[in-house]
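Reading the structure
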Amino acid sequence: MTTTRRSFIRSASALGALAALPGWACTRESASKSLNILVLGGTGFIGPHEINYALARGHTVTMFNRGKTAPGMFPDVENLIGDRDDQLDALKGRDWDAVIDNSGFYPRHARLSAELLHGHVGKYLFVSSISAYADTLTLEDDEFTAAYSVMDDPTDESDRIYGATYGARKALCEQEIVKVFGDDAINVRPGIITGTGDPTERLRHWLVRMQAGNEILVPGQDDLPVQYIDAADMCGWMVRLLEDGTGSGPYNAVGAEEPYRARPLLEGLVDATGSTSTLTWVDWEWLRANAADIPSYAPWYGAGPMPFMQVTNARAMAAGLRFRPIADTAKDMIENLAEYTPQYGPGGLDLETEAELLAKWHARA
Ligand SMILES: NC(=O)c1ccc[n+]([C@@H]2O[C@H](COP(=O)([O-])OP(=O)(O)OC[C@H]3O[C@@H](n4cnc5c(N)ncnc54)[C@H](OP(=O)(O)O)[C@@H]3O)[C@@H](O)[C@H]2O)c1
């Protein structure tokens with residue numbers, strides 16, 4: 001079942017009163033048992049969602065990072081300073097119930113932290129990615145049948161963090177954690193994470209664009225499947241998975257229950273955000289032939305790798321993952337738009353070029 005515009009709006013408006021409360025979908029009551037949780041990272045995008053939720057549930061949190069990103073973000077949380085690249089001394093001689101690893105991108109780093117922490121933490125939750133899957137992924141695949149992405153030289157660390165070998169390195173990191181932690185390893189594989197603090201334009205572009213009003217150019221097919229997960233939903237669920245103690249193995253963390261479809265998603269967001277915009281769907285081929293430089297519009301790729309936007313979340317949902325309506329995610333993001341500093345380039349055309357292209361599109365024979 002896919003989301004229709006009507007069902008999208010119904011779910012959004014029924015819950016509208018709760019929209020201002022990030023994390024509504026996850027209970028924020030204290031957990032029955034307080035845990036000591038180590039967070040590798042913690043001050044980027046998803047880390048703060050994990051930490052805020054864990055603190056709200058009554059857990060004690062320790063962060064480990066270099067102290068470069070947003071220092072002082074959590075003045076009341078212990079911050080151990082070090083580097084994944086062989087400066088782990090601050091972690092020695094300490095015990096935690098669980099670790100959440102946000103900052104593992106190279107298998108050597110994953111191995112070093114897993115070996116050092118083994119025997120000193122219960123569960124090792126590694127934040128991986130669906131990019132760990134090979135391009136052979138099919139709609140029928142799940143966490144156990146999908147093949148891993150591979151790289152020629154697994155020891156090659158020359159690529160940047162989010163470079164071409166990102167997925168293969170995540171796959172290797174997962175394997176390092178499992179090698180050391182066995183059944184106590186949890187590999188969470190998110191798809192596109194969005195929500196408050198998302199440093200990308202993958203959802204923000206549409207929200208900013210809708211706020212500007214006027215006609216919006218939307219490239220590609222209007223039934224394009226799209227999966228977005230709100231960081232607050234994912235991070236709250238990860239903390240609850242650690243509380244529960246039974247989590248083990250890989251979980252795809254993709255939202256929502258069913259993939260959105262491009263048209264009802266964007267039309268629903270126009271309604272939910274009170275935008276006066278109209279949407280005009282423009283063929284990719286025409287766009288490429290008529291525009292010199294088209295930004296990535298991720299994840300609005302042409303005929304893109306569809307299985308990567310329709311990944312099963314059945315295993316994670318059976319383990320308690322739940323999703324707020326994306327209209328609520330949008331409302332949270334709009335409230336905080338001024339705080340955003342997108343770090344990965346534009347998510348669509350600039351307004352002037354867009355208007356020129358729309359005029360040309362309407363004037364075509
Ligand atoms: N966004 C998505 O759509 C998406 C999708 C799939 C998977 N993921 C995964 O989700 C995770 C998201 O990370 P995030 O940025 O949101 O995490 P985060 O915990 O919020 O921020 C990254 C943290 O890592 C620390 N760090 C970076 N390099 C380090 C190093 N060499 N040694 C020690 N600490 C270091 C940074 O602090 P310092 O700079 O101070 O060290 C920062 O605290 C990543 O693993 C990513 O692969 C994201």
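Residues numbered from 1 in each chain as written. Predicted model: local features only at pLDDT ≥ 70, side-chain atom pairs only at ≥ 80, totals over all residues. Heavy atoms only, no water.

**Comments concerning the overall build of the protein**
In terms of helices and strands, the protein carries eleven helices and 13 strands. Relative to its length of 365 residues, the protein is compact, with a C-alpha radius of gyration of 21 Å against a globular reference of 21 Å. In terms of principal-axis extent, the alpha carbons of the protein reach across some 70 × 50 × 40 Å. Burial statistics for the protein: of 365 residues in total, 53% are counted as buried. Of all intrachain contacts in the protein linking residues separated by at least 6 positions in sequence, the fraction that spans at least 24 positions is 79%. (Helix = DSSP H or I, 4+ residues; strand = E, 2+ residues; numbered from the N terminus. Rg over C-alpha atoms; globule rule 2.2 N^0.38 Å. Buried < 20%, exposed > 50% of the residue type's maximum accessible area, 1.4 Å probe, protein only. Contact = heavy atoms within 4.5 Å.)

**Some details on the site of the ligand**
Lining the immediate surroundings of the ligand are 30 residues, of which Gly42, Thr43, Lys68, Thr69 and Arg202 lie closest. Take Arg66: an N or O atom from its side chain is 2.8 Å from an oxygen atom of the ligand. Taking Gly67, its main chain carries an N or O atom lying 3.1 Å from an oxygen atom of the ligand. Within the residue set of the shell around the ligand, elements represented by two or more residues are helix 2 (46–56), helix 4 (166–181) and strand 7 (192–194). It is helix 2 that contributes the most residues to the shell around the ligand, three residues altogether. Looking at the shell around the ligand residue by residue, the class counts come to ten nonpolar, 14 polar and six charged. (Near = heavy atom within 4 Å. Polar contact = N/O pair within 3.5 Å; in protein donor to acceptor, adjacent residues only side chain to side chain. Nonpolar A, V, L, I, M, F, W, Y, C, P; charged D, E, K, R; others polar.)

**Quick word on helix 5 (residues 204–212)**
For helix 5, every residue scored as buried is listed here: Arg204, His205, Trp206, Leu207, Arg209 and Met210. Those residues of helix 5 that are buried lie in contact with strand 8 (215–219), strand 10 (228–230), helix 7 (262–272), helix 10 (326–335) and helix 11 (351–363). Two residues or fewer after helix 5 comes Gly213, characterised by a positive phi angle close to 80°.

**Some points on the pairing of strand 11 (residues 249–253)**
The buried fraction of strand 11 is high, at five of five residues. With five bridges joining them, strand 6 (residues 185–190) and strand 11 adopt parallel strand pairing. Across the sheet, Pro190 pairs through a bridge with Ala253, a residue of strand 11. (Pairing = 2+ DSSP bridges.)

**Some details on the packing of helix 2 against helix 6 (residues 231–244)**
Between helix 2 and helix 6, whose axes approach to 8 Å, the crossing angle comes to 50°. In terms of their interaxial angle, helix 2 and helix 6 are classed as oblique. Handedness of the crossing formed by helix 2 with helix 6: right-handed. Contacts between helix 2 and helix 6 involve Ile46, His49, Glu50, Tyr53 and Ala54 on the former and, on the latter, Ala231, Ala232, Met234, Cys235, Gly236, Met238, Val239 and Arg240. Here the residues of the contact of helix 2 with helix 6 sort into nine nonpolar, two polar and two charged. (Axes fitted to C-alpha atoms, helices over the stretch in contact; angles between N-to-C directions. Parallel < 35°, antiparallel > 145°, perpendicular 65-115°, else oblique. Left-handed = near helix turned anticlockwise from the far one by under 90°.)

**Some remarks on unusual backbone geometry**
Omega for the peptide link from Gly255 to Ala256 comes to -5°, which places this bond in the cis form. Topologically, Ala256 is positioned in the loop between strand 11 and strand 12 (260–261). Even without a glycine there, the phi angle at Ala70 is positive, about 45°. Within the secondary structure layout, Ala70 lies in the loop between strand 2 (60–65) and strand 3 (78–81).

**Looking at the confidence of the model for the protein**
Interpreting fine coordinate detail is not advised for predicted regions of low pLDDT. For the protein, per-residue confidence averages 91 on the pLDDT scale, and 91% of positions sit at 70 or higher. Under a pLDDT of 50 for its full length, residues 1–25 has, in the predicted model, 44 contacts with residues more than four places off or in other chains. (pLDDT = per-residue confidence, 0-100.)

**What about the environment of Ile294?**
Within the fold, Ile294 resides in the loop between helix 8 (284–290) and helix 9 (314–318). Once the C-alpha coordinates of Ile294 and Ala212 are considered, the two residues, 82 residues apart in sequence, prove to be 20 Å apart. Not counting chain neighbours up to four residues away, the residues in contact with Ile294 comprise Trp284, Leu287 and Arg288.

**Focus: the environment of His205**
Its place among the elements puts His205 in helix 5. Taking the C-alpha atoms as reference points, His205 and Pro346, 141 residues apart in sequence, are found 7.7 Å from one another. Contact partners of His205, with chain neighbours within four places excluded, come to Tyr297, Gly347, Gly348 and Leu349.

**Concerning the sheet that holds strand 3**
Across the sheet, seven strands lie side by side as 3-2-1-4-5-6-11; this open sheet has parallel pairing. Edge positions in the sheet fall to strand 3 and strand 11, since each of these pairs with one other strand and no more. This sheet shows a mean twist of 20° between the axes of neighbouring strands, independent of strand direction. The sheet contact formed by strand 5 (residues 123–127) and strand 6 spans four bridges and is parallel. The residue bridging Leu125 from the neighbouring strand is Ile186, located in strand 6.

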